[in-house]
Amino acid sequence: MTRILGIETSCDETSASVLEGAGDAVAMRSLVILSQDVHRVFGGVVPEIASRAHVTSIVPVVERALLDARLTARDLDAVAVTHAPGLVGALLVGVSFGKSFAFASGVPLVAVHHMEGHLFATSLEHPGAVPPFTALLISGGHTMLLDVPAWGDYRLLGATRDDAAGEAFDKVGKLLGLPYPGGPHVEKLAREGDPARFRFSAPMLRSNAAPGDDDYFDLSFSGLKTAVLNASRGADLARDRASLARGFQDALITALVEKTARAAVLHGRGRVVLGGGVACNRTLQDAMRARLAEEDAVLFAPSARLATDNAAMIARAGLFRFERGERAALDLNAYASLPLPGVIAA
Ligand code: KG4
Ligand code: ZN
């Protein structure tokens, strides 16, 4: 059994978590997430403010995670830290802290790719969310459709060609005058909208597309965002806001659901796993679950706490890397972008 501390500082959450276990049998002993509310004022994450906020919170957040787990640094077998992708200044706070902590406590350091964390997150709540499966990772910065025959073995089927799914939610939220981040607000507002008022076509979805075509799995949201912007110009926002949100969300969900179903069918997967902040969208989860049922596939989706950025998912992916014998040296660096480890273009 391994006890591992996870640290996440890639964007605007300072988070630490302690997990213990082996293989896929893992228990969460603690999870602390400190969200930096300050960015709301600016309508988006301000990198330097994020870095400075991580500097002041990282020590108390880690101390709290150890306290909640009723453990001290001496009880740990490893420390895992997000080193990519993300805001470099923000990542460097976690990376530097992780190195110092590992050096001072004499425990090995493991580097974790943030998106591999999102891929593992759902398995902390759903024991069935383990490979082989089809995965759809939808966050503020990334949108990836993967076939996952085994942990660490990732076949990239499709990705967004422009904006990420969460980014599209946030931009449409801003356009509709909603607070940052827009995703949860757009989802709530869309419930009151009339689905027939604005119909946007689902992006990159041709019914005659065939496996092997470039656009069979790829996604795109920038055109949809522009269509919503254009429709909003001729609309009375006070009256049409909810219907614009509804039309946008319906089109985005249709594209995500269809492409994910195509991937599950083509690769014969009976399980589909969602990850990333957008994955906690209930409207998306319900539509995905219903569509996959037609293909005899089941959906595993994370709760909001584990869908959005958190250190438990980093500790979980770190445990996998640790068990494979991977260790980071004390010259570990942070990277704004980096391919998912073990990924091949399918
Ligand atoms: O994974 P995450 O916490 O951070 C990144 O790694 O980017 O994802 C944040 C994204 C934001 O764009 C946010 O608007 C979106 O997840 N999000 C949602 C919902 N909750 C969070 N999008 C749609 N519906 C939601 N309920
Ligand atoms: Zn994330």
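Structure: see above.
In this text the structure is predicted, and so the values were computed from the model without any measurement. (Residues numbered from 1 in each chain as written. Chains lettered and ligands numbered in written order. Predicted model: local features only at pLDDT ≥ 70, side-chain atom pairs only at ≥ 80, totals over all residues. Heavy atoms only, no water.)

**A short note on the layout of surface pockets**
Now for step 1: In this structure, the largest pocket spans a volume of roughly 1,300 Å³.
Now for step 2: Together, 48 residues line the largest pocket, and Asp12, Gly140, Asp170, Tyr180 and Pro181 are the ones closest to its centre.
Now for step 3: Looking at the lining of the largest pocket element by element, the count peaks at seven residues for helix α4 (residues 165-175).
Now for step 4: Counting only domains with at least three residues in the lining of the largest pocket, you end up with domain 1 (2-119 + 307-339) and domain 2 (131-301).
Now for step 5: Estimates place the volume of the second largest pocket at around 180 Å³.
Now for step 6: Every residue lining the second largest pocket is listed: Leu156, Leu157, Gly158, Gly212, Asp213, Asp214, Tyr216, Phe217, Asp218, Leu266, His267 and Ala346.
Now for step 7: Counting residues per element, the lining of the second largest pocket draws most heavily on strand β8 (residues 153-159), at three residues.
Now for step 8: The residue makeup of the lining of the second largest pocket, split by class, is six nonpolar, three polar and three charged. (1 Å grid on protein atoms, 1.4 Å probe; cavity = no way out; pocket = protein on both sides within 12 Å on 5 of 7 lines; lining within 4 Å. Points joined across faces, edges and corners; volume = space filled by probe spheres on them. Helix = DSSP H or I, 4+ residues; strand = E, 2+ residues; numbered from the N terminus. Domains from an automatic or database assignment. Nonpolar A, V, L, I, M, F, W, Y, C, P; charged D, E, K, R; others polar.)

**With respect to unusual backbone geometry**
Excluding glycine, residues mostly have negative phi values, and the peptide bonds linking residues are mostly trans.
Now for step 1: The residue after Ala84, namely Pro85, is reached through a cis peptide bond having omega -20 degrees.
Now for step 2: Within the secondary structure, Pro85 sits in the loop between β4 (78-84) and α2 (88-105).
Now for step 3: You will see that Met204, though not glycine, has its phi angle at about 55 degrees, which is positive.
Now for step 4: One non-glycine residue, Asp296, lies in positive phi territory at about 60 degrees.
Now for step 5: Within the element layout of this structure, Asp296 appears in the loop between α8 (282-293) and β10 (298-300).

**Considering the site of ligand 1**
Now for step 1: The local shell around ligand 1 holds 20 residues, among which Gly140, Asp170, Glu187, Asn281 and Asp309 are the closest.
Now for step 2: With respect to ligand 1, the backbone of Gly277 contributes an N or O atom lying 3.0 Å from an oxygen atom.
Now for step 3: In the model, a nitrogen atom of ligand 1 is placed 3.0 Å from a nitrogen or oxygen of the Asn281 side chain.
Now for step 4: With the chains in place, 89% of the 550 Å² that ligand 1 exposes on its own is no longer accessible. (Near = heavy atom within 4 Å. Polar contact = N/O pair within 3.5 Å; in protein donor to acceptor, adjacent residues only side chain to side chain. Areas by Shrake-Rupley, 256 points an atom, 1.4 Å probe, with all protein chains shown as cover.)

**Examining the coordination of the zinc ion (ligand 2)**
Now for step 1: Coordination sphere of the zinc ion (ligand 2), protein contribution only: His114 (NE2), His118 (NE2) and Asp309 (OD), at 2.0 to 2.1 Å.
Now for step 2: One chain supplies every donor for the zinc ion (ligand 2), spaced along it as H-x3-H-x190-D. Of this pair, His114 and His118 are both found in helix α3 (residues 114-121), four residues apart, which corresponds to roughly one turn of the helix. The two residues His114 and His118 agree in class, both being buried. (Donors = N, O, S within 2.8 Å, 3.2 Å for Na, K, Ca; no water. Buried < 20%, exposed > 50% of the residue type's maximum accessible area, 1.4 Å probe, protein only.)

**Examining the sheet that holds strand β5 (residues 109-113)**
Now for step 1: If you trace the five strands from one edge of the open sheet to the other, you get β3-β2-β1-β4-β5, paired in mixed fashion. Taken across any chain shown, the strands that pair with only one partner, and hence form the sheet edges, are β3 (25-35) and β5. This sheet shows a mean twist of 20 degrees between the axes of neighbouring strands, independent of strand direction.
Now for step 2: Two elements, strand β1 (residues 2-8) and strand β2 (residues 13-22), share seven bridges in a ladder whose sense is antiparallel. In the strand pairing of β2, Thr2 is matched with Gly21. (Pairing = 2+ DSSP bridges. Axes fitted to C-alpha atoms, helices over the stretch in contact; angles between N-to-C directions.)

**Notes on α8**
Along an α-helix, residues three or four positions apart point the same way, because every turn accommodates 3.6 residues.
Now for step 1: With 12 residues, α8 extends 16 Å between its outermost C-alpha atoms, agreeing within 8% with the 16 Å of an ideal straight helix rising 1.5 Å per residue.
Now for step 2: Those residues of α8 not exposed but buried are Leu284, Gln285, Met288, Arg291 and Leu292. Projected onto a plane normal to the axis of α8, the buried residues spread over an arc of 140 degrees and lie on a single side.
Now for step 3: Structurally, α8 contributes buried residues whose contacts are with β6 (133-138), α7 (237-266), β9 (271-275) and β10. (Expected span 1.5 Å × (residues − 1). Arc of directions from axis to C-beta. Contact = heavy atoms within 4.5 Å.)

**Remarks on the nonpolar core**
Now for step 1: Ranked by size, the top nonpolar core spans 47 residues in total, and within it Ile138, Phe248, Leu252, Leu256, Leu284 and Met288 carry the most contacts.
Now for step 2: Mapped by element, the contributors of at least two residues to this core are β6, α4, α5 (183-190), α6 (222-233), α7, β9 and α8.
Now for step 3: In terms of residue count, α7 provides more of this core than any other element does, 13 residues in total.
Now for step 4: Other than its neighbours up to four places away in sequence, Leu284 contacts Ile138, Ile253, Leu256, Val257 and Val278.
Now for step 5: If you look at the next biggest cluster of nonpolar residues, it comprises 35 residues, including Val26, Ala78, Val110 and Val148. (Core = buried A, V, L, I, M, F, W, Y, C linked by side-chain atoms within 4.5 Å.)

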